[in-house]
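In case you want the letters, here they are:
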Amino acid sequence: MTVFHRNETRDPLPEHLRGGVVAIGNFDGVHRGHQSVLNRALEEAKSRGVPALVLTFEPHPRTVFRPDTPVFRLTPAPLKARILEGMGFGAVIEYPFDRTLSQLSASDFIHRILLEWLHASHVVTGFDFHFGKGREGGPAFLMAAGGDNGFGVTLVDAFRDENASVISSSYVRALLGEGDVAQAAGMLRAEVDHWRGSDAPAEFLVLIAALLELKSRLMLPREEADLVDVEPSEAAEELLARM
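Just so it is clear, the structure is predicted and the values come from calculations on it, not from any experiment.

Cut-offs applied
Residues numbered from 1 in each chain as written. Predicted model: local features only at pLDDT ≥ 70, side-chain atom pairs only at ≥ 80, totals over all residues. Heavy atoms only, no water. Helix = DSSP H or I, 4+ residues; strand = E, 2+ residues; numbered from the N terminus. Buried < 20%, exposed > 50% of the residue type's maximum accessible area, 1.4 Å probe, protein only. Contact = heavy atoms within 4.5 Å. Areas by Shrake-Rupley, 256 points an atom, 1.4 Å probe, with all protein chains shown as cover. pLDDT = per-residue confidence, 0-100. Phe/Tyr/Trp six-rings, centres within 6.5 Å; stacked < 30°, edge-to-face > 60°. Pairing = 2+ DSSP bridges. Right-handed = clockwise from strand over helix to strand, strands pointing away. Core = buried A, V, L, I, M, F, W, Y, C linked by side-chain atoms within 4.5 Å. Salt bridge = Lys/Arg side-chain N within 4 Å of Asp/Glu carboxyl O.

What follows is about the overall build of the protein chain. Secondary structure summary: the protein chain contains 11 helices and 8 strands in total. Put simply, the protein chain has 243 residues, and 46% of those count as buried. Within the protein chain, contacts between residues separated by at least 24 positions form 72% of all contacts whose residues are at least 6 apart in sequence. Summing over all exposed atoms, the protein chain offers an accessible surface of approximately 12000 Å²; the carbon and sulfur share of this is 51%.

Here is the structure:
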């Protein structure tokens, strides 16, 4: 799989990846909620006989708008790309998120990125996806743009767990913050499955991913959840090398 980093020159997308089905989102954690979107995109691409691509954004938008409030990332970008490759996607396009992109109008996002650059034939995203300056582009805007410009749109409803709770990255972060690693591991099923060849238990792998992404910070559970400086252990570094 090729991971494209969109830059100022906007390198052309290879011909064999044009006209594909594009799943759009941050997909931090590739949790069960994300998988409902991603699997729908894979199904659509298979039925159409076209490539399946993921359009994601790096860094996380909150890093740009609230730099003093670090984002607890569930899945480092390189590992996220490997998980998506394992699911069957042909390419992951990491679009650099900065204030310039945040000022792009919803219409320009559609035309410059989805049509002129990716040549998308179909777009799959979550029901609450918003884009463009001031979040002016929403589900209705996207559906209308698809009708006007000849690409299909699929909006996937929220995915709920067995307790009817909506599964989101924030929900998984909250579980980790409360020390409920086992339940968090269940939400991050794809991530855990990706590392199944390791000797370490799934719960440990989920925490290691988070710790290594934070580099020198550790989120402690519950009331002890202050941020402290630590260095990744040799065991953690060795585990990462095996991934």
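When the pLDDT values of the protein chain are averaged, the result is 76; 70% of them are 70 or greater. Note that residues 212-233 has pLDDT below 50 and, in this model, 36 contacts with residues that lie over four places away or in other chains. Throughout residues 235-240 the model reports pLDDT below 50, and contacts reaching past four residues in sequence, or to other chains, amount to 9 contacts.

This model, assessed by the stated rule, comprises 6 aromatic pairs. Taken together, a centroid distance of 6.4 Å and an interplanar angle of 50° make the contact between F57 and Y95 tilted. A residue pair is termed long-range when its members are at least 10 positions apart, and F57 in strand β3 (residues 52-58) and Y95 in strand β4 (residues 91-96) qualify at 38 residues. The two residues F57 and Y95 agree in class, both being buried. Residues F129 and F131 carry aromatic rings whose centres are separated by 5.3 Å and whose planes lie at 20° to one another, so their mutual orientation is stacked. Note on accessibility: F129 and F131 belong to one class, buried. Taken together, the aromatic side chains of F57, Y95, F109, W117, F129, F131 and F141 make up a single cluster linked through ring pairs.

Among the structural elements, V50 can be located in the loop between α1 (32-48) and β3. Residues V50 and V21, 29 residues apart in the sequence, show an inter-C-alpha distance of 6.9 Å.

Along helix α3 (residues 77-87), the residues classified as buried are A77, L79, K80, A81, I83 and L84. Phi turns positive one or two residues past the end of α3, at G88, with a value near 120°.

This brings us to the pairing of strand β5 (residues 122-126). A large share of β5 lies buried, amounting to 5 of its 5 residues. Inspection of the sheet shows strand β2 (residues 21-24) paired to β5 by 3 bridges, in the parallel sense. Bridging across to β5, V21 finds its partner in H122. Once you follow β5 into helix α6 (residues 139-149) and on to strand β6 (residues 152-156), the crossover reads as right-handed.

So, about the pairing of β2. With burial as the criterion, each face of β2 is covered, one bearing V21 and A23 and the other bearing V22 and I24. One ladder, built from 4 bridges, connects β2 with β3; its direction is parallel. Paired with I24 across the two strands is L55, which belongs to β3. Where the polypeptide runs from β2 across α1 and back to β3, its parallel neighbour, the crossover connection is right-handed.

Let's shift gears to the nonpolar core. L55, I113, L114 and L118 are the most contacted members of the largest nonpolar core, which has 29 residues in total. The element best represented in this core is helix α5 (residues 106-115), accounting for 5 residues. Discounting chain neighbours no more than four positions away, the residues touching L55 are V22, A23, I24, G25, F27, I93, Y95, F109, I113, L114 and L118. Core analysis: the next-biggest nonpolar cluster, separate from the first, contains 18 residues, A45, V92, V124 and V156 among them.

This next bit is on the pattern of salt bridges. In the structure shown here, the tally under the stated rule is 4 salt bridges. Ionic pairing is found between E44 and R48, a salt bridge with its closest N-O pair at 2.8 Å. Pair noted here: E44 and R48 are both in helix α1, with a separation of 4 residues, about one helical turn. On the accessibility criterion, E44 (11% relative accessible area) is buried. Shared partners join several salt bridges into a network, and the residues in it are R40, E44 and R48.

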